[in-house]
Amino acid sequence: MEQLTLPKDFFFGAAMSGPQTEGEWKSGGKLENLWDLWSNLELDAFHNRVGSYGGNDFTRRHNEDFQIFKDLGLTSFRTSIQWSRLLDEDGNVNPEGEKYYHELFADAAASGLECFVNLYHFDMPAYLFRRGGWENREVVEAYANYAAKAFELFGKEIRCWFTFNEPIVEPDQRYQNGVWYPYLHNFNRAKVVQYNISVAHSLAVAAYRRAKAAGLMREDSRIGLINCFTPPYTRENPSEADLEAVRMTDGINNRWWLDLVTKGELPADVLDSLASRGVELPIRPGDAEILAQGKVDWLGCNYYHPERVQAPSREVDESGCPVFAEPYVWPEAKMNESRGWEIYPKGIYDFGMKLKNEYPELEFFVSENGMGVEHEWDFRDAETGVIQDDYRIEFVREHLAWIARAIADGANLVGYHYWAVVDNWSWSNAFKNRYGFVEVDLEDGYKRRLKKSANWLREVTKTHTLTVEEGK
Ligand code: BG6
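Here is what the cut-offs are and how they apply
Residues numbered from 1 in each chain as written. Predicted model: local features only at pLDDT ≥ 70, side-chain atom pairs only at ≥ 80, totals over all residues. Heavy atoms only, no water. 1 Å grid on protein atoms, 1.4 Å probe; cavity = no way out; pocket = protein on both sides within 12 Å on 5 of 7 lines; lining within 4 Å. Points joined across faces, edges and corners; volume = space filled by probe spheres on them. Helix = DSSP H or I, 4+ residues; strand = E, 2+ residues; numbered from the N terminus. Nonpolar A, V, L, I, M, F, W, Y, C, P; charged D, E, K, R; others polar. Salt bridge = Lys/Arg side-chain N within 4 Å of Asp/Glu carboxyl O. Buried < 20%, exposed > 50% of the residue type's maximum accessible area, 1.4 Å probe, protein only.

The rolling of a water-molecule-sized probe over the atoms marks out the regions of remaining empty space. One number sums up the size of the second largest pocket: a volume of about 300 Å³. If you go around the second largest pocket, you meet 18 residues; those closest to its centre are W377, F431, R434, L442 and E443. In terms of residues, the lining of the second largest pocket owes the most to one element, strand 16 (residues 438-441), which gives three residues. Residues belonging to the lining of the second largest pocket are distributed by class as follows: seven nonpolar, three polar and eight charged.

Side chains that carry opposite charge are capable of pairing whenever their charged atoms lie near each other. Considering all chains together, one arrives at 43 salt bridges under this definition. With a closest N to O distance of 2.8 Å, K30 and D36 form a salt bridge. As far as burial versus exposure is concerned, K30 and D36 are alike and both buried. E363 is the partner of R222 in a salt bridge, and the nearest nitrogen-oxygen pair spans 2.9 Å. Taken together, the residues R222 in strand 6 (residues 222-228) and E363 in the loop between helix 13 (346-358) and strand 12 (364-368) connect sequence positions 141 residues apart. A cluster of three or more residues bridged by salt bridges with shared partners is formed by E244, R247, D250, R255, D269, K354 and E358.

With that settled, consider empty space enclosed by the protein. Summed over all chains, the structure comprises three cavities of 30 Å³ or more. Lining the largest cavity, in full, are Y304, N336, R339, W341, E342, I343, G370, M371, G372, F395 and Y435. No other element matches the three residues that strand 11 (residues 341-343) contributes to the lining of the largest cavity. Its residues placed into classes, the lining of the largest cavity shows six nonpolar, three polar and two charged.

Shown next, in the form of structure tokens:
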């Protein structure tokens, strides 16, 4: 067995988002967001027909959740402000929305928890989506206005800010792979969205720096970006074409964002490859200067599974989208069958080493990591009623072990937020896969109940030590 230690100042916390927890979807002046729009349009698209409306009842129970976080030894949590709650259709502040977040942040502080605030978690206000969403440059400007207002209103309360969570996901899920509403299969539109989100991020960072210079922000505040990162892997003894698939996957998913947040530019080789396949980005004169302002103070890395790719067998798919890579199924892959995601804890270590080698100045934390499991009640102990989620203990232990090894080998990795400490609503999967250390009982008014893993976690946050099988 191997004993591993995490540094004393390494922090533990909870990752969550406004649209997946808050509920209260149309009270307090909140406008419809894209999830509410989709739920209203097509409830059948959601597991068990559970739409966006209820979250996990966080609004009514947040003080109870804060006590749970404290009890488990967590010192921080991340949530997101919902754009559709904070501003009205004219881009002015909704006073009830403002009050909502002031109270939430004050309650967090009173509980001794630090709240990290993200500004966007896949939750475009519906009226802006109807105007073209991220494809429309006016919506990009509207986001910059929203970000500036958030800095002005909460700048003295919040230290850690993030512009976006996983900006790669909406282009993929909504515009390219047709998984989420509006179910498009259009590579060009997906890359337009990716580009415009990059501009929006940079405008928000610029607004943040202006607000800070004007004395509106806490002196110790910082801004970052959160994305899902994994170094792409390929087969053993790869061909040139496999390596080319790795280059473009790494380019679009990782380097695009990493170059933006460290160099203030987008990777030229990726832009060239996109152009050579006919992709037209809506680049405007002056954009280079805007992107140059996109550099951040630190980074959040969400890590659930590795990306394995190989050379594509075709140049374009049935929808006419260019194909740069195809999935490679590693014969030794261990799967989380509920979610269909490979479990590969060493990916965190490899990403840490990638950053150390390619972006050495960039500090980061693991901003999401977790295991969603279906039918967890099958694991409930008949006597105590406690869910015996040993698989989750193993999952987190092995990921923390690779984090400890990455730190020992020089990664600038400073903390860990688990997704989601309390079960929450997972987009179209709703409550199908449960992630929590804490169960939410939907049959009993969203009642919270600790799972076995919660007691394990409490020990780890206390001791900062882990015992794992050698190399696991
Ligand atoms: C991340 C997102 O991609 O993964 C979360 O930031 C999401 O919003 C989490 O909930 C887990 O994925 P899913 O689809 O199982 O909820």
